[in-house]
Amino acid sequence: MNAWEFEKNNLEKVMSYSKEYMNFLDNGKTERTSCKEIVKMAKEKGYISLCEAIKKGNIKKGDKIYAINKEKAVALFLIGEKEIQEGMKIIGGHIDVPRLDLKPNPIYEESNLGFLKTHYYGGIKKYQWTTIPLSIHGVVILNDGTKVDICIGEDETDPVFCITDLLPHLAKDQMTKTMSEGVIGEKLNVLVGNMPLFGEEKDKVEKNILKILNEKYNMTNEDFLSAEIEVVPAGKSRDLGFDRSMILSYGHDDRVCSYAGVKALLDSESTLFTCVALCVDKEEVGSNGNTGMHSKFFENVVSELIALEGNYCELKLKRAMANSKVLSADVSAGYDPNYSDAYEKRNSVFMGEGVVLTKYTGSRGKSGCNDANAEFMAEVRRIFDKGEVIWQTGELGKVDQGGGGTIAYILANYGAEVIDCGVGVLSMHSPYEVVSKVDIYEMYKGFKSFFNINL
Ligand code: MN
Ligand code: MN
């Protein structure tokens, strides 16, 4: 069913939800800043930190708690009526996004031009990152231990950066290459300066840039070694289309689902089961590391909460995980009529047809997939129908065309019931991805129903 038709009397709600989401996108362009935004939203709704809860010494129904993992991931908990060992309702998304990271020794100059060397993060089509305005975000830990936040290129008055491309006049050789070879990883060098430090003989452009960085951030060249600096598309998210029905922005995958999960939880007050909005890092690079879904962070926080209920034992933790129900909140490939060959139309995700339930992802013969149980698929389907949510099913493209994965299987390994759920995206993993405003509204409604409706 067309979700726009269904919501035709609720367009104001659809548009205002989008507006808030776009604000979230603009304030959180990295996993760190997204995490910060989520915690800010949670605090405004009365959430307290896990440390504060531990100090208090106990938890009870209706308590609202957040736990931050190294400033890059966060879990929000709304304590339910039932004990945690009876299972949680979890909506899990990721807040890391494909991008360009600065290398540890990034700065150099050549032919009067200053550059920063990058190493791309996640799956990108490299040529898409040339000739667009870029901004720089991150943290630097100075030699004395001071942590400095860096953000250049978002304010209208800020300068921006870019990666150059070869003019068509001279691109005869480049144009015969494949799209993956036309622009290679080692050519993703960000242009950052041209003016020399006057009076210097050698490396004068580089020296001038370092002088500016030192004045602004008190940092030296060596401090890049202890920094995490990300290069992302500069500028804000924008309404897309004459009808303003879509959003063009960097980072929909997967802030669009993470935001919906957070918002659905913050708009819930009293639930039967403990409800969780989980926003993790490192999904785009395999969920490893201590901020990815494979880390023990989530388990450890749940252990702390079980301890706060009283009488902790490991068995309760195991039961809590195994009895949980999870929507692995991640985006899917929206059907793009310009590239119809890559899709199988009967099982595709269509823009404007609501939130998507994806039974399985994976590649080739479903390799690496979670493949939700039919029983759980049926349960979520009934919840969505009860909540008057417009939903569709969809595969990630046609068989043997490629594929992908999410964090679904990681929580399923504990025994939890997990299904992938999100919205269709056009131009996924590109600098500017597209979502439909009505789809993201249906996702929010679906997530809220998942938390609040028990069959
Ligand atoms: Mn994703
Ligand atoms: Mn992705």
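These numbers come from a predicted model, not from an experiment. (Residues numbered from 1 in each chain as written. Chains lettered and ligands numbered in written order. Predicted model: local features only at pLDDT ≥ 70, side-chain atom pairs only at ≥ 80, totals over all residues. Heavy atoms only, no water.)

Trainee: What should I look at first to understand the overall build of the chain in this one?
Mentor: Across its full length, the chain holds 13 helices and 22 strands. Relative to the compact-globule value of 23 Å for 455 residues, the chain shows a C-alpha radius of gyration of 23 Å, a close match. C-alpha atoms of the chain, sized along the principal axes, occupy 75 × 55 × 45 Å. Out of the 455 residues belonging to the chain, those deemed buried represent 53%. Sequence separation of at least 24 residues holds for 76% of the intrachain contacts in the chain that already meet a minimum separation of 6. When the 55 basic and 67 acidic side-chain charges of the chain are each reduced to a single mean position, those positions are 3 Å apart. (Helix = DSSP H or I, 4+ residues; strand = E, 2+ residues; numbered from the N terminus. Rg over C-alpha atoms; globule rule 2.2 N^0.38 Å. Buried < 20%, exposed > 50% of the residue type's maximum accessible area, 1.4 Å probe, protein only. Contact = heavy atoms within 4.5 Å. Lys, Arg positive; Asp, Glu negative; His and termini not counted. Charge placed at Lys NZ, Arg CZ, Asp CG, Glu CD.)

Trainee: What exactly am I supposed to notice about the coordination of the manganese ion (ligand 1) here?
Mentor: In an ideal octahedron of six donors the angles at the metal are 90 or 180 degrees, and in an ideal tetrahedron of four donors they are 109.5 degrees. Looking at the metal site, the manganese ion (ligand 1) is ligated by H94 (NE2), D253 (OD), D330 (OD) and D330 (OD), spaced 2.1 to 2.5 Å from it. Sequence positions of the residues that donate to the manganese ion (ligand 1) give the spacing H-x158-D-x76-D. Between the manganese ion (ligand 1) and the manganese ion (ligand 2), the interatomic distance is 3.3 Å, and D253 donates to each metal, bridging them. With H94 in strand β4 (residues 88-94) and D330 in the loop between β14 (325-329) and β15 (332-333), this residue pair connects regions lying 236 residues apart in the sequence. Using a relative accessible area of 1% as the deciding quantity, one classes H94 as buried. Assessed through its relative accessible area of 9%, D330 is described here as buried. (Donors = N, O, S within 2.8 Å, 3.2 Å for Na, K, Ca; no water.)

Trainee: So what exactly am I meant to see when it comes to the coordination of the manganese ion (ligand 2) here?
Mentor: At this site the manganese ion (ligand 2) is bound by D253 (OD), E284 (OE), E284 (OE) and H429 (NE2), with donor distances of 2.1 to 2.6 Å. Mapping the donors of the manganese ion (ligand 2) onto the primary sequence yields the spacing D-x30-E-x144-H. For D253, a relative accessible area of 2% corresponds to the buried category.

Trainee: Where do I start with the pattern of salt bridges in this structure?
Mentor: Close approach of charged atoms lets side chains of opposite charge pair. Throughout the structure, instances matching the rule amount to 32 salt bridges. When the shortest N-O distance is used, the salt bridge between E215 and K211 registers 3.5 Å. In this pair, E215 and K211 are both assigned in helix α7 (residues 204-217), four residues apart and thus about one turn of the helix distant. Residue classification places E215 among the exposed positions, given a relative accessible area of 58%. Residue classification places K211 among the partly exposed residues on the basis of a relative accessible area of 40%. Here D371 and K366 are joined by a salt bridge, their closest N and O atoms 3.0 Å apart. What makes D371 partly exposed here is its relative accessible area of 23%. For K366, a relative accessible area of 34% puts it in the partly exposed group. Residues joined in a network through salt bridges with shared partners are R32, E71, K72, K147 and E228. (Salt bridge = Lys/Arg side-chain N within 4 Å of Asp/Glu carboxyl O.)

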